[in-house]
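# Inside the fold
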Amino acid sequence: MPGGYLFIALATILFSTMEIALKLISADFHPMQLNFIRFTVGGLVLLPLALRIMHVKRQSGELKDEEKKGSLLASFMLLGLVGSVVSMTFYQLAVTHANASVVAVLFSCNPVFVLLFAAIILRNPILPRHVLALILECVGILFIINPLHTDISLYGIVCSLLSTIFFALYAVLGTKQCMRYTGMVITCGSFLAAGLQLLLIIALSHLPPVAALLRSSGLELFADIPLFSGVTADNWPALLYVCVGVTGLGFASYFMAMQLTSPMQASLVFFLKPALAPILALIILKENIPFHMALGIGLILVGSLASLLSGERLRAILLHRQRM
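Throughout what follows, the structure given in this document is the object of discussion. (Residues numbered from 1 in each chain as written. Predicted model: local features only at pLDDT ≥ 70, side-chain atom pairs only at ≥ 80, totals over all residues. Heavy atoms only, no water.)

## Some thoughts on the packing of aromatic side chains
Throughout the structure, instances matching the rule amount to five aromatic pairs. The interplanar angle of 65° and the centroid separation of 4.9 Å between the aromatic rings of phenylalanine 39 and phenylalanine 191 together place this pair among those described as edge-to-face. Of this pair, phenylalanine 39 sits in helix H3 (residues 31-59) while phenylalanine 191 sits in helix H9 (residues 183-205); the two residues are 152 residues apart in sequence, bridging distant segments of the chain. Seen in terms of ring centroids, phenylalanine 167 and tyrosine 170 are 5.5 Å apart; in terms of plane orientation they differ by 55°. Their pairing is tilted. In this pair, phenylalanine 167 and tyrosine 170 both sit in helix H8 (residues 154-181), three residues apart, roughly one turn of the helix. Like tyrosine 170, phenylalanine 167 is buried. Here the aromatic cluster, defined as three or more aromatic residues joined through ring pairs, consists of Phe15, Phe167, Tyr170 and Tyr254. (Phe/Tyr/Trp six-rings, centres within 6.5 Å; stacked < 30°, edge-to-face > 60°. Helix = DSSP H or I, 4+ residues; strand = E, 2+ residues; numbered from the N terminus. Buried < 20%, exposed > 50% of the residue type's maximum accessible area, 1.4 Å probe, protein only.)

Now the structure itself:
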């Protein structure tokens with residue numbers, strides 16, 4: 001258990017700097033190009049350790065059923081598609097069109113969507129506190145958007161929420177596989193599978209008929225996607241941090257936390273992230289935190305807390321505060 005909380009702390013720090021690091025280099029790369037680079041490099045960094053874990057499991061007899069290889073590869077492809085290709089493409093588009101602090105906070109609604117998908121897919125019960133959390137998170141999002149006087153890109157907000165929803169689905173789909181193969185193996189495999197899928201998409205985008213169809217459909221962004229262009233002496237350190245630190249170690253730490261604790265306890269990452277990420281964005285990117293955003297952040301924090309704590313634990317905390 002202590003090891004699980006160590007992974008939670010590490011994932012929180014790395015995930016809280018994710019939007020900032022991506023914001024620093026987002027103008028230099030195409031969103032899908034950047035995802036291809038970060039997930040391929042991140043997967044390759046984790047590959048030696050993942051192979052070692054699989055070797056140990058086979059030696060110990062935990063993986064006797066070799067016929068499972070096909071299903072494992074299929075799981076890698078599905079998780080890579082949902083968590084990296086779809087979710088992180090929306091995520092990168094969100095970072096490009098909205099403030100890093102806004103994307104960070106909206107992405108931290110993840111625990112509530114995890115609850116919904118866990119109820120549908122894993123048949124986990126939805127308790128009254130989960131409904132309360134969903135309401136508070138939605139109200140918090142409205143305060144952040146500030147629809148009556150919004151100065152935030154609606155496109156960026158929609159991309160943020162779509163990214164959050166697909167990432168929650170990715171986390172739930174990967175939970176059972178993590179228990180069998182470890183979070184490190186699942187993270188590595190899904191990253192490399194995503195890299196192959198993104199490489200295929202990039203290759204197809206250069207075919208003249210495909211590129212012409214995309215342009216005529218108003219999807220110029222996805223035509224002729226570059227592969228490695230854009231890497232410079234100025235941006236490679238941030239790119240390396242995104243690939244190895246945030247993507248490789250960050251995602252692996254998150255899944256290791258789920259493996260050693262539980263999906264809900266691992267969601268503490270997204271409870272702490274809304275408090276830490278805007279502060280880091282203020283310090284590093286000089287992004288302002290207006291009152292309506294601070295209020296929205298507070299509501300999302302309370303909603304995340306309500307979803308994570310049992311009713312008895314929450315009442316104990318409130319009673320303790322009343323006595324102080």
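So, next bit.
## Details of unusual backbone geometry
For aspartate 224, which is not glycine, the phi torsion reads 55° and is therefore positive. Along the chain, aspartate 224 falls in the loop between helix H10 (208-216) and helix H11 (236-260). Exposure remark for aspartate 224: the relative accessible area of 33% places this residue in the partly exposed category.

## So, the nonpolar core
Residues Tyr91, Phe167, Tyr170, Phe251 and Tyr254 are the most contacted members of the largest nonpolar core, which totals 78 residues. A total of 12 residues in this core trace back to one element, the largest contributor, which is H11. (Core = buried A, V, L, I, M, F, W, Y, C linked by side-chain atoms within 4.5 Å.)

## Structural notes on a nonpolar patch on the surface
Side chains of Ile126, Val131, Ile135, Val139, Phe143, Phe291 and Leu295 sit close together on the surface and give an oily, nonpolar patch of about 630 Å² of accessible area. With four residues, the single largest contributor to the nonpolar patch is helix H7 (residues 128-145). Tracing the backbone shows phenylalanine 143 in helix H7. (Patch = residues over 30% accessible without salt bridge, like charges linked within 9 Å, V, L, I, M, F, W, Y side chains within 5 Å. Areas by Shrake-Rupley, 256 points an atom, 1.4 Å probe, with all protein chains shown as cover. Salt bridge = Lys/Arg side-chain N within 4 Å of Asp/Glu carboxyl O.)

## Regarding the packing of helix H2 (residues 18-25) against H11
Closest axis-to-axis distance for the H2/H11 pair is 10 Å, and the angle between their directions is 150°. On the basis of the axis angle, H2 is roughly antiparallel to H11. In the packing of H2 onto H11, the handedness of the crossing is left-handed. Residues Met18, Ala21, Leu22 and Ile25 of H2 form the contact with H11, whose participating residues are Ala238, Leu239, Tyr241, Val242, Val246 and Phe251. Class assignment for the residues of the contact of H2 with H11 results in 10 nonpolar, no polar and no charged. (Axes fitted to C-alpha atoms, helices over the stretch in contact; angles between N-to-C directions. Parallel < 35°, antiparallel > 145°, perpendicular 65-115°, else oblique. Left-handed = near helix turned anticlockwise from the far one by under 90°. Contact = heavy atoms within 4.5 Å. Nonpolar A, V, L, I, M, F, W, Y, C, P; charged D, E, K, R; others polar.)

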